[in-house]
Amino acid sequence: MHNVLEIYGYDPDPFGIDQMDDAELSSRARCLTTEIGSLKRRLERFEDFLDRIDLAALGEATLEEMIDRAGGDDWRLREAGVELDDIERSLSCRQAAMAESDRVDASNSTSNWP
C-alpha cells in the first residue's frame, strides 16, 4: 500500500505564499475576502431557492446539475478560506519577525554606547 504523499508528493507552499511580498499578499487577501463573500451569498441564494420550489417538479438532471454547482461552490469556499488563513498567518509571522528584528537592532545600537 502506498502513502498518499509518496504518490502525489507534498507541496509545502501550495498557494505560492512564500514567493509573494507583503503587498501581493494583502492584495490576494482582499481578493479572497471578496470571493468568499460572493460564494457565501450565492450558496445562501441557492438554499433560499431550494426552500421556495417544489423539488419534485424539477427534472433529475436539472437537480443534479444544481447540486453539483453548489458542491463546487462549497468546495471553493473552503479552499479560499484555507488560502486566506495561510496568507493571514504568513503576514502575521512576517510582521512579528520584523518587529523582533527592529527590537534586536534597537538593543544592539543602545548597547554600543560608550
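The structure presented is a predicted model; accordingly, all values stated were derived computationally and were not measured.

1. Observations regarding the overall build of the protein chain
Part 1 of the argument: For the protein chain, the count of helices and strands is three helices and zero strands.
Part 2 of the argument: Each helix (α) and strand (β) of the protein chain, taken in turn from the N terminus, gives the series α-α-α.
Part 3 of the argument: Taken across its 114 residues, the protein chain has 21% of its residues classed as buried.
Part 4 of the argument: Intrachain contacts of the protein chain at a sequence separation of at least 6 include 84% that bridge at least 24 residues.
Part 5 of the argument: In the structure as shown, the protein chain presents an accessible area of about 8,800 Å², 55% of it carried by carbon and sulfur atoms.

2. As for the layout of surface pockets
Part 1 of the argument: By volume, the largest pocket amounts to about 160 Å³.
Part 2 of the argument: As for the largest pocket, its lining consists of Arg-42, Leu-43, Arg-45, Phe-46, Glu-65, Met-66, Arg-69, Ala-70 and Asp-73.
Part 3 of the argument: If you list the elements that add at least two residues to the lining of the largest pocket, you get α2 (22–52) and α3 (60–111).
Part 4 of the argument: Split by residue class, the lining of the largest pocket holds four nonpolar, no polar and five charged.

Cut-offs applied
Residues numbered from 1 in each chain as written. Predicted model: local features only at pLDDT ≥ 70, side-chain atom pairs only at ≥ 80, totals over all residues. Heavy atoms only, no water. Helix = DSSP H or I, 4+ residues; strand = E, 2+ residues; numbered from the N terminus. Buried < 20%, exposed > 50% of the residue type's maximum accessible area, 1.4 Å probe, protein only. Contact = heavy atoms within 4.5 Å. Areas by Shrake-Rupley, 256 points an atom, 1.4 Å probe, with all protein chains shown as cover. 1 Å grid on protein atoms, 1.4 Å probe; cavity = no way out; pocket = protein on both sides within 12 Å on 5 of 7 lines; lining within 4 Å. Points joined across faces, edges and corners; volume = space filled by probe spheres on them. Nonpolar A, V, L, I, M, F, W, Y, C, P; charged D, E, K, R; others polar.

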